Amino acid sequence: MRRLLNTIYVTSEDAWLRKDGENLVVEADGKERGRAPLHALEGVVCFNRTGASPALMAACAEKAITLSFLTPEGRFQARVEGAQTGNVLLRRAQYRMADDPSRSVPIVRGIVTAKAANQRTVLLRALRDHGEKLETPQRKAFEDAEARLGRIARRTAEAETIDVIRGFEGEAANVYFGVFDAMLHAAPRELRFGGRSRRPPLDRVNALLSFLYAMLGHDCRSALEGVGLDPQVGFLHTDRPGRASLALDLMEELRPVLADRLALTMINRGQIKARDFVVDAGGAISLTEDGRKLVLIAWQERKKRELRHPFLGESAAMGLVAHLQARLLSRHLRGDLDGYPPFIWR
Amino acid sequence: MLMLVTYDVSTSSPGGSRRLRRVARACLDFGQRVQNSVFECEVDPAQWVALRARLIAEIDEKEDSLRFYRLGAEGKRRIEHIGAKPVLDLDGPLLF
């Protein structure tokens, strides 16, 4: 089993990254802040205006360490990529499958079914843990949403075209985010959820979700590149220049499990507070530097948690699930597996 | 697996300080300095073979010594640290 390697997050202002021997060194204000051997790393994520030396970029490209530059809000800006690697036959198989609806629809169906099923599991867990605190009408709405998500998952599993599946995905999102606020049972007034909004997020919960999705996207992209797939050619998401469509596809089934649950936990436990966010003049909300640190620590801790993979039957760190799914997808593309087994959380 | 590498390189013999520097460099490439000539290295077996060979090639066996302690996969639990020189937990969240 592959070892879960670490990711370095650089959040200090004006940091400079350089390579020293086989170490990555983080400097700020001319002083060394930290160092880590490259072989222990899987990714480097830089926020703010972090610079990196060309020698470090080359070393990261060579060792397949994903080095990305993000805005402080977590929006992707740039990444360093080495020579195209991986198995060209696998990538060709991926393109052929993406062009052939009869073979890509089953994959998309699996992804969206798993997403709806995982959203339902998030609701069920919230209902089981905190259901008694809900008032009767709220509880009723909750149970309705749970039943509807179950129905959507079942109907998606029988859908024939991508457009129909996309419709089900939208419906599932509406149902799920319609009751999302009710799962924030211990949240103060400022940390309520008023419907999904992004670019920019208009409330604090949305800002937190968007940030977590950006982190998950980074990990999914690394996972796909790690197995030699092309992260830009997706099945559910259509090709668009610069968009990592396959990484977005892979994220769908993992969002509820890895990101949404973590957001709920952090808010309900009071680990993140209203003061960890800033509101700018236009009403866009983002995390403060301290808030970002809190989220990144919680995110890294969560990735280390073990779970049992439903298809492989092995226990694995949550942070490895994206890699395992990427590997299962490549096995399907190569023809070693009859279908793509999406990740359905139990 | 976690390996503890310690060395004693004689700097009085010719080329000693060069060997010392190069041994330290090799250890630093694979691990973390926890005391002056003590390194903790989290490596997989293949990396360990490479590090070990590199260290043995650097030293002068008549003058210097190397000691390797195999702390195993659960090595972290066998370590207790007291006092100054705090070390970084390379498996923990890395935020700078």
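Residues numbered from 1 in each chain as written. Chains lettered and ligands numbered in written order. Predicted model: local features only at pLDDT ≥ 70, side-chain atom pairs only at ≥ 80, totals over all residues. Heavy atoms only, no water.

Caption draft 1: Region of interest: the overall build of chain A. Scanning chain A from N- to C-terminus turns up 9 helices and 12 strands. The C-alpha extent of chain A, read off along each of the three principal axes, is 60 × 50 × 40 Å. Among the 346 residues that make up chain A, the fraction classed as buried is 58%. Surface exposure of chain A reaches about 15300 Å², of which carbon and sulfur atoms provide 49%. (Helix = DSSP H or I, 4+ residues; strand = E, 2+ residues; numbered from the N terminus. Buried < 20%, exposed > 50% of the residue type's maximum accessible area, 1.4 Å probe, protein only. Areas by Shrake-Rupley, 256 points an atom, 1.4 Å probe, with all protein chains shown as cover.)

Caption draft 2: Up close: the interface of chain B and chain A. Facing 16 residues of chain B, the contacting portion of chain A comprises 26 residues. For the pair chain B and chain A, the two sides together bury roughly 1700 Å², of which 58% comes from carbon and sulfur. Taken as a group, B:Leu94, B:Leu95 and B:Phe96 account for 42% of the area that chain B buries against chain A, more than any other trio of residues on that side. The interface formed by chain B and chain A includes 1 salt bridge. The partner of A:Asp20 in a salt bridge is B:Arg25, and the shortest N-O contact between them spans 3.3 Å. In this structure, the connection of chain B to chain A is made through 5 residue pairs in polar contact (both at pLDDT 80 or more). Sorting the residues of the side of chain B that touches chain A by element identifies helix H1 (16-30) and strand E5 (94-95) of chain B as the ones contributing at least two each. At 4 residues, H1(B) tops the list of elements feeding residues into the side of chain B that touches chain A. Tallied by class, the residues present in the side of chain B that touches chain A amount to 9 nonpolar, 3 polar and 4 charged. (Contact = heavy atoms within 4.5 Å. Buried area = accessible area lost by both parts, 1.4 Å probe. Salt bridge = Lys/Arg side-chain N within 4 Å of Asp/Glu carboxyl O. Polar contact = N/O pair within 3.5 Å; in protein donor to acceptor, adjacent residues only side chain to side chain. Nonpolar A, V, L, I, M, F, W, Y, C, P; charged D, E, K, R; others polar.)

Caption draft 3: Spotlight on the sheet that holds strand E6 (residues 51-52) of chain A. Strand order in the open sheet made by the 4 strands is E4-E3-E2-E6 (chain A), with mixed pairing throughout. With one partner strand each, in any of the chains shown, strand E4 (31-37) and E6 of chain A form the two edges of the open sheet. Across 6 bridges, the pairing between strand E2 (residues 15-20) of chain A and strand E3 (residues 23-28) of chain A is antiparallel. Bridging from a neighbouring strand, A:Lys19 pairs with A:Leu24 of E3(A). Most of the contacts of helix H1 (residues 54-62) of chain A go to E2(A), to which it runs at about 65°, and overall it touches E2, E3 and E6 of chain A. In this fold H1(B) packs onto E2, E3 and E4 of chain A, with an angle of close to 75° to the strand it touches most, E4(A). (Pairing = 2+ DSSP bridges. Axes fitted to C-alpha atoms, helices over the stretch in contact; angles between N-to-C directions.)

Caption draft 4: Inspection of the sheet that holds strand E7 (residues 66-70) of chain A at higher detail. Spatially, 5 strands are ordered E8(A)-E7(A)-E5(A)-E1(A)-E5(B) in an open sheet, and the strand pairing comes out mixed. On the outer flanks of this sheet lie strand E8 (76-80) of chain A together with E5 of chain B, each paired with one strand and no other. Where helix H8 (residues 289-304) of chain A meets the sheet, its contacts fall on strand E1 (6-10) of chain A together with E5 of chain B, and the angle it forms with E1(A) comes to roughly 175°.

Caption draft 5: Looking closely at the pattern of salt bridges. Enumeration over the complete set of coordinates arrives at 22 salt bridges over all chains. A:Asp129 is paired through a salt bridge with A:Arg128; the nearest N and O atoms lie 3.4 Å apart. Using a relative accessible area of 58% as the deciding quantity, one classes A:Arg128 as exposed. Between B:Arg25 and B:Asp29 there is a salt bridge; the shortest N-O distance is 3.9 Å. Of this pair, B:Arg25 and B:Asp29 both sit in helix H1, 4 residues apart, which is roughly one turn of that helix. Among the residues examined, B:Arg25 registers a relative accessible area of 29% and is labelled partly exposed.

Caption draft 6: Region of interest: helix H4 (residues 136-156) of chain A. Residue and element names in this part refer to chain A. Helix length check: H4, at 21 residues, gives a terminal C-alpha distance of 30 Å against a target of 30 Å (1.5 Å per residue), a fit within 8%. Listing the buried residues of H4 in full gives Phe142, Ala145, Glu146, Leu149, Gly150, Ile152, Ala153 and Thr156. Here the buried residues of H4 occupy an arc of 160° about the axis, which is enough to place them on one side. Residues of H4 that are exposed and angled more than 90 degrees away from the buried face: Thr136, Pro137 and Arg154. As for H4, its buried residues are in contact with helix H3 (101-130) and helix H5 (162-178). (Expected span 1.5 Å × (residues − 1). Arc of directions from axis to C-beta.)

Caption draft 7: Seen up close, the UniProt feature "binding site: Mn(2+)" (unreviewed entry) in chain A. Residues and elements named next belong to chain A. With numbering matched to this structure, UniProt assigns "binding site: Mn(2+)" (unreviewed entry) to Glu169, His237 and Glu252. Taking the farthest pair of C-alpha atoms as the criterion, the annotated set spanning 84 residues converges on one region, since that pair is 11.9 Å apart. Tracing the chain through its elements places Glu169 in helix H5. The class for Glu169 is buried, based on a relative accessible area of 17%. Taking relative accessible area as the criterion, His237 reaches 16% and is therefore assigned buried. If we ignore the near neighbours within four places in the chain, the residues touching His237 are Arg243, Ser245, Leu248, Asp249 and Glu252. (UniProt positions renumbered as here; feature names shortened; annotations may be inferred.)

Caption draft 8: Here's a closer look at the packing of H3(A) against H5(A). Residues and elements named next belong to chain A. Interhelical geometry of H3 versus H5 gives an angle of 10° and a closest axis separation of 10 Å. Between H3 and H5, the angle is such that the two are roughly parallel. Along its contact with H3, which presents Ser104, Val105, Val108, Arg109, Val112, Lys115, Ala116, Gln119, Val122 and Leu123, the element H5 presents Ile162, Ile165, Glu169, Ala172, Ala173 and Tyr176. (Parallel < 35°, antiparallel > 145°, perpendicular 65-115°, else oblique.)

Caption draft 9: Molecular detail of the nonpolar core. Ranked by size, the top nonpolar core spans 90 residues in total, and within it A:Phe180 and A:Met183 carry the most contacts. Counting residues in each nonpolar core, the second largest holds 22 residues, with A:Leu17, A:Ala36, A:Ile65 and B:Leu94 among its members. (Core = buried A, V, L, I, M, F, W, Y, C linked by side-chain atoms within 4.5 Å.)

Caption draft 10: Main features of the environment of A:His237. As for its position among the elements, A:His237 is in the loop between helix H6 (204-227) and helix H7 (245-268). Once the C-alpha coordinates of A:His237 and A:Asp249 are considered, the two residues, 12 residues apart in sequence, prove to be 6.4 Å apart.

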